[in-house]
Amino acid sequence: MSNMLKIGLPKGSLQDATIKLFEKSGWKINLHHRNYFPDVNDDELTCAMCRAQEISQYVENGTLDVGLTGKDWILENESDVVEVSSLVYSKVSNRAARWVLAVAGDSPYKTAQDLAGKRISTELMGFTKRYFESINVPVEVSYSWGATEAKVVEGLCDAIVEVTETGTTIKANGLRIISDLMSTNTMLIANKKAWENPWKRKKIENINLLLQGALKAQKMVGLKMNMPKAILPEAMKVMPSLNSPTVSELSDAAWVSVEIMIEEVAVRELIPELITMGAEGIIEYPLNKVI
């Protein structure tokens, strides 16, 4: 087939969330244990599973037309690619992660400038070197192959640059954050030549549209209920909705059916209030996409 889009999907911590997001968007991706090329229910797509750290490089050199990877790894590789959209999601939440500079809890270092001449351990070497160069602080940066937090405790380095969501692991290892260096989330990126191709660009835009819809739906649910028409004006005041509630007439002219889409966190307060007002038969249902 002449029209084919090559997409890179991240292995590792982002893998499950990415597969689920695509499934809600309409693409079912079937992984194979023995190879890195899963099947997808779209004859115009071919998928490759890659390490998130490498995807921006493959998109850059045209091996892939488009890919999902972290903003951190794009900056690490300084990739000259088209950023299509920011897909702010992670394995367990919609919160972005952050790369921080951390030292031992009992160390005398309080700022990045205090680390002049010291040893820094990190997986994000390129970015870390450029950061310290930008503030004119000479340091020795070495690559960490894992267990980065333990290296400060073991005396193998003076500070680390590490990724965290809440900082809990950092603190649990007896470390102290002295600076936030970067906030990162998952990005949809495209090769520039692919983006200039009208067919590929349209395909990428369609994928992005549905991914964004699925992402938005992660925090929302639908509510459907019946209520006396007389209480509708009062109920409208307490019902948050994406736009305005859908109201339908019922065979009993004194009643109406009402349907809304709201953030899931609002449901626990709203349902008891609607019941008190007189609503009945409230149904809550999940949403795949909100566009």
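Criteria and thresholds
- Residues numbered from 1 in each chain as written.
- Predicted model: local features only at pLDDT ≥ 70, side-chain atom pairs only at ≥ 80, totals over all residues.
- Heavy atoms only, no water.
- Helix = DSSP H or I, 4+ residues; strand = E, 2+ residues; numbered from the N terminus.
- Rg over C-alpha atoms; globule rule 2.2 N^0.38 Å.
- Buried < 20%, exposed > 50% of the residue type's maximum accessible area, 1.4 Å probe, protein only.
- Phe/Tyr/Trp six-rings, centres within 6.5 Å; stacked < 30°, edge-to-face > 60°.
- Domains from an automatic or database assignment.
- Buried area = accessible area lost by both parts, 1.4 Å probe.
- Salt bridge = Lys/Arg side-chain N within 4 Å of Asp/Glu carboxyl O.
- Polar contact = N/O pair within 3.5 Å; in protein donor to acceptor, adjacent residues only side chain to side chain.
- Contact = heavy atoms within 4.5 Å.
- Axes fitted to C-alpha atoms, helices over the stretch in contact; angles between N-to-C directions.
- Parallel < 35°, antiparallel > 145°, perpendicular 65-115°, else oblique.
- Nonpolar A, V, L, I, M, F, W, Y, C, P; charged D, E, K, R; others polar.
- Pairing = 2+ DSSP bridges.

Things to note about the overall build of the protein chain
Here's step 1: Looking only at helices and strands, the protein chain has 10 helices and 16 strands in total.
Here's step 2: The C-alpha radius of gyration computed for the protein chain amounts to 24 Å, which surpasses the reference 19 Å derived for 291 residues by more than 25%, pointing to a less compact arrangement than a globule.
Here's step 3: Overall, the protein chain is about 80 × 55 × 35 Å in size when its C-alpha atoms are taken along their principal axes.
Here's step 4: Expressed as a percentage of the 291 residues in the protein chain, the buried residues total 46%.

A short note on the packing of aromatic side chains
Here's step 1: Under the definition given, this model contains 4 aromatic pairs.
Here's step 2: On the basis of an interplanar angle of 65° and a centroid distance of 6.2 Å, the ring pair of Phe22 and Trp27 is categorised as edge-to-face.
Here's step 3: For Phe22, a relative accessible area of 2% gives the class buried.
Here's step 4: Ring geometry for Tyr131 and Phe132: centres 5.2 Å apart, planes at 80°, overall edge-to-face. Here the two residues Tyr131 and Phe132 agree in accessibility, since each one is buried.

Here's the deal with the domain arrangement of the protein chain
Here's step 1: Assigned domains of the protein chain: these are domain 1 (5–93 + 186–217), domain 2 (97–183) and domain 3 (220–286).
Here's step 2: When each unit is reduced to the centre of its C-alpha atoms, the spacing between domain 1 and domain 2 is 29 Å.
Here's step 3: Summed over both partners, the interface of domain 1 with domain 2 buries about 770 Å², with 46% contributed by carbon and sulfur atoms.
Here's step 4: Joining domain 1 to domain 2, the criterion identifies 0 salt bridges.
Here's step 5: Applying the counting rule to domain 1 against domain 2 returns 6 residue pairs in polar contact (both at pLDDT 80 or more).

Comments concerning helix α1 (residues 15–25)
Here's step 1: Among the residues of α1, those classed as buried are Gln15, Ala17, Thr18, Ile19, Leu21, Phe22 and Ser25.
Here's step 2: Contacts made by the buried residues of α1 are with β1 (5–11), β2 (29–30), β4 (45–51), β5 (66–70) and α8 (198–217).
Here's step 3: The positive-phi residue at the C-terminal boundary of α1 is Gly26, with phi of around 115°.

Focus on the side chain of Thr18
Here's step 1: Assignment of secondary structure puts Thr18 in helix α1.
Here's step 2: Its relative accessible area of 1% is what places Thr18 among the buried residues.
Here's step 3: At a separation of 2.7 Å, a polar atom in the side chain of Thr18 contacts the main-chain carbonyl oxygen of Leu14.

Things to note about the packing of α1 against α8
Here's step 1: In the contact formed by α1 and α8, the axes pass within 8 Å of each other and the chain directions differ by 105°. Taken together, the axis directions place α1 and α8 in an arrangement best described as roughly perpendicular. Here Leu21, Phe22, Lys24 and Ser25 of α1 lie close against α8, whose contacting residues are Ile207, Leu210, Leu211, Ala214 and Leu215.
Here's step 2: Residues belonging to the contact of α1 with α8 are distributed by class as follows: 7 nonpolar, 1 polar and 1 charged.

With respect to the sheet that holds strand β15 (residues 255–263)
Here's step 1: Taken in spatial order, the 4 strands line up as β14-β15-β13-β16 in an open sheet, and their pairing is antiparallel. Strands at the two margins of the open sheet, each flanked by one partner only, are β14 (246–249) and β16 (280–286). Between one strand axis and the next, the sheet turns through 15° on average, direction left out of account.
Here's step 2: Examined bridge by bridge, strand β13 (residues 220–228) and β15 share 9 bridges and lie antiparallel to one another. Along β15, the bridge assignment pairs Met220 with Glu263.

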